[in-house]
Amino acid sequence: MAEWQRRGPADTPVLAGLTLSTTPMVQNSLAALNQSGRLEILQLAGGLEIRTRSFVGQIQLGPLRLTIRPKLTGLPLLHLLRFAYGLRQLHLLDDSLADPAASPFQDLLITQLLAEVTELLTRGLHRSYQPQVDWLTSPRGRIDFQRLATQGGVQSAALPCRHQPRLADHHLNQMLLAGLRFSLSLADEATLRADLRHLVRQMEIEVTTVKLTHARLRRAGRELSRMTAAYQPSLTLIGLLYEAAGLHLDDVAPAGLALPGFLFDMNRFFQALLLRFLQDYLPQAQVQSEVSLTGMFGYLPGYNPQHRPAPLPRPDFVIKKPDQPPLLLDAKYRDLWNESLPRVMLYQLALYALSQPQQRQAVILYPAMDSLARESRLALHDPVTGRPQATVCLRPVNLHTLSKLVSQPDSGSVTLDKQQFAGQMLGVTPVK
C-alpha cells in the first residue's frame, strides 16, 4: 500500500476473508496500533480494511504482513533524506535498493547506513586512548606496585601495568556495531543482510558488542567532537532506525508491548526537511521550530479547579524578519492538492491566523508531486457581519523540484534558485 491510502475487501482480494487471531497478544497489539494513530486496521465481516497515514515501512501482525511505501520514490527521495538529516552523498553499494518500489523503506535507510560505515572502515576507525590494567611480560605505562604487593611480590614473568593503548573499542564504534547488528533484524533484502553480516564480522574483531539503547545513543551524540564528526551521519541513521523499529506503544498499550515491524513517520521527516531548507536559504530571517504561543490561552481566575497549565499551541515554524510581523507556518505530510483538508488542521490554522495582531494569516505547507498544484486560500469571516477576519493559505511544496535543488551543490545561480524556492514557501516570491 501507499501512504494515505484506504484498502478493503471490495478492492483488494487478498484482504477478503482475512482475519486476525483472537489471542490477547494479537488483539492488544491491534488495539494499541489503531490507537497510536500510525495506521488503522479494522476487522470487518468480509475481511480486513486498512487505512494508512503518514507512516511508511513494514509491519507483521499475525498472518498480515503490510508494506507501506512512500509516494515519492527513488533518487528524489534519497536526495531529500540526505539533505534533511545531513547525510553524505555516498555511492550506494546496490543502487536498486535506492528505489523503495523495489524494497521496503527501511532498506533504503539501512543501505545508506551501510555506505556510511563502509566509508568509515575504509578510512580507518577512530581510535582513542583507553585506560587498562594488564599483566604484561613487556611492561608499558606505570607498574601497579600496589597490586604487585597484594599478591606477595613477583611470582611470574608478567607485571601489572597501568597503560592507555589506542584502541578502536570505544563507545562510538560500539554504537556503530550495535546499529549494524540491529539493522540485521530489520533488513528485508538478502544481499543487504549479507553485506551487513560482513561488516559486523569485520568490526567484531576489534569492537565489543553492546546492546543498542536510547541512553547509549544520546551518550554517543554527546561524545562527538571535531575528530569524530564523520560519525554523525551514521549515528543519525541508527537513531532513525531505532526510533521507528519495534513500534513501542507504551503510551497506549500495556508496558513492554512492542510490535514486530518498522514504521517511519514521514511527517517528522517533512518537517525536518523544510526546517533545514528554510534556515539555510532564507537570508536575514530567523527560523524557529515549534515555538509555543504563550498567552494565547489562559484559565480565568477561579475557574481552574484542576490547576492545569494553560494549553500552549506550537506552530511548526515561526519566521521572523527585521521590521516585519512574525509569520506562522505549519507543515503537514498530506497531499492537500489531491486530499481534503481535515477539519482539525483547519481549526488549528484558524487559531494561528487569528492570533496575529496585524497580518492575520497562517500557512500550511504540504508535499505535492503534481506539477499543477497551486496555492489555495480560505477566508475566515465573521458569521454575523460577514467581514473577513483572517486567511488560511494551503501552499504546495513540489518535492521533485525541491529534490532537484538540494541534490546540487551551492553556487551562484543554484543558491539563488534555492532562495527563491524558500521565498515561495513564505509567499514573498512569485511561483514561476
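As a reminder, the structure under discussion sits directly above these lines.
Only a predicted model underlies this, so the values are computations on that prediction, with no experimental measurement involved. (Residues numbered from 1 in each chain as written. Predicted model: local features only at pLDDT ≥ 70, side-chain atom pairs only at ≥ 80, totals over all residues. Heavy atoms only, no water.)

Q: An account of the pattern of salt bridges is needed here, citing residue identities and associated values.
A: The final tally for this structure, using the stated rule, is 15 salt bridges. For the salt bridge of glutamate 49 with arginine 6, the shortest nitrogen-to-oxygen distance reads 3.3 Å. Highlighted residues: glutamate 49 in strand 3 (residues 47-52) and arginine 6 in strand 1 (residues 6-7), separated in sequence by 43 residues. Residue arginine 276 is joined to aspartate 280 by a salt bridge in which the shortest nitrogen-to-oxygen separation is 3.3 Å. In this pair, arginine 276 and aspartate 280 are both assigned in helix 9 (residues 266-281), four residues apart and thus about one turn of the helix distant. Taking relative accessible area as the criterion, arginine 276 reaches 31% and is therefore assigned partly exposed. What emerges from the salt-bridge pattern is a single network uniting Arg6, Glu40, Glu49, Arg51 and Arg53. (Salt bridge = Lys/Arg side-chain N within 4 Å of Asp/Glu carboxyl O. Helix = DSSP H or I, 4+ residues; strand = E, 2+ residues; numbered from the N terminus. Buried < 20%, exposed > 50% of the residue type's maximum accessible area, 1.4 Å probe, protein only.)

Q: Could you give an account of the packing of helix 9 against helix 12 (residues 412-426), with specific residues and numbers?
A: Interhelical geometry of helix 9 versus helix 12 gives an angle of 115 degrees and a closest axis separation of 9 Å. Along this stretch, helix 9 crosses helix 12, giving a crossing that reads as left-handed. Residues Leu274, Phe277, Leu278 and Tyr281 of helix 9 form the contact with helix 12, whose participating residues are Thr415, Lys418, Gln419, Phe421, Ala422, Met425 and Leu426. Here the contact of helix 9 with helix 12 is built from residues that sort into eight nonpolar, two polar and one charged. (Axes fitted to C-alpha atoms, helices over the stretch in contact; angles between N-to-C directions. Left-handed = near helix turned anticlockwise from the far one by under 90°. Contact = heavy atoms within 4.5 Å. Nonpolar A, V, L, I, M, F, W, Y, C, P; charged D, E, K, R; others polar.)

Q: Please give an account of helix 3 (residues 105-123) that cites residues and values.
A: Here helix 3 is 19 residues long and its end C-alpha atoms lie 28 Å apart, about the 27 Å a rise of 1.5 Å per residue gives. Most of helix 3 is tucked away, with 15 of its 19 residues classed as buried. Taken from the residues just after helix 3, glycine 124 is the one with a positive phi, measuring 105 degrees. (Expected span 1.5 Å × (residues − 1).)

Q: Pulling in residues and values, what's your account of the sheet that holds strand 7 (residues 132-136)?
A: Pairing within the open sheet is antiparallel, and its three strands lie in the order 7-9-8. Here the strands that pair on one side only, and so sit at the sheet edges, are strand 7 and strand 8 (142-143). For strand 7 and strand 9 (residues 159-163), the ladder comprises five bridges, and the chain directions are antiparallel. If you follow aspartate 134 over to strand 9, its bridge partner there is cysteine 161. (Pairing = 2+ DSSP bridges.)

Q: Describe the sheet that holds strand 2 (residues 39-44), and please don't skip the residues or the numbers.
A: The strand order 1-3-2 describes an open sheet built from three strands, whose pairing is antiparallel. In the strand order of this sheet, the two ends are held by strand 1 and strand 2, each with one partner. Pairing geometry for strand 2 and strand 3, over six bridges, is antiparallel. Bridging from a neighbouring strand, glutamine 43 pairs with leucine 48 of strand 3.

Q: Could you give an account of unusual backbone geometry, naming the residues involved and the relevant values?
A: Positive phi, close to 60 degrees, is recorded for glutamine 284, a residue that is not glycine. Summarising the element assignment, glutamine 284 is placed in the loop between helix 9 and strand 12 (286-289). Here glutamine 284 falls in the exposed class, since its relative accessible area comes to 72%. A positive phi angle is found at glutamate 290, which is not glycine, with a value near 50 degrees. Along the chain, glutamate 290 turns up in the loop between strand 12 and strand 13 (317-320). For glutamate 290, a relative accessible area of 36% gives the class partly exposed.

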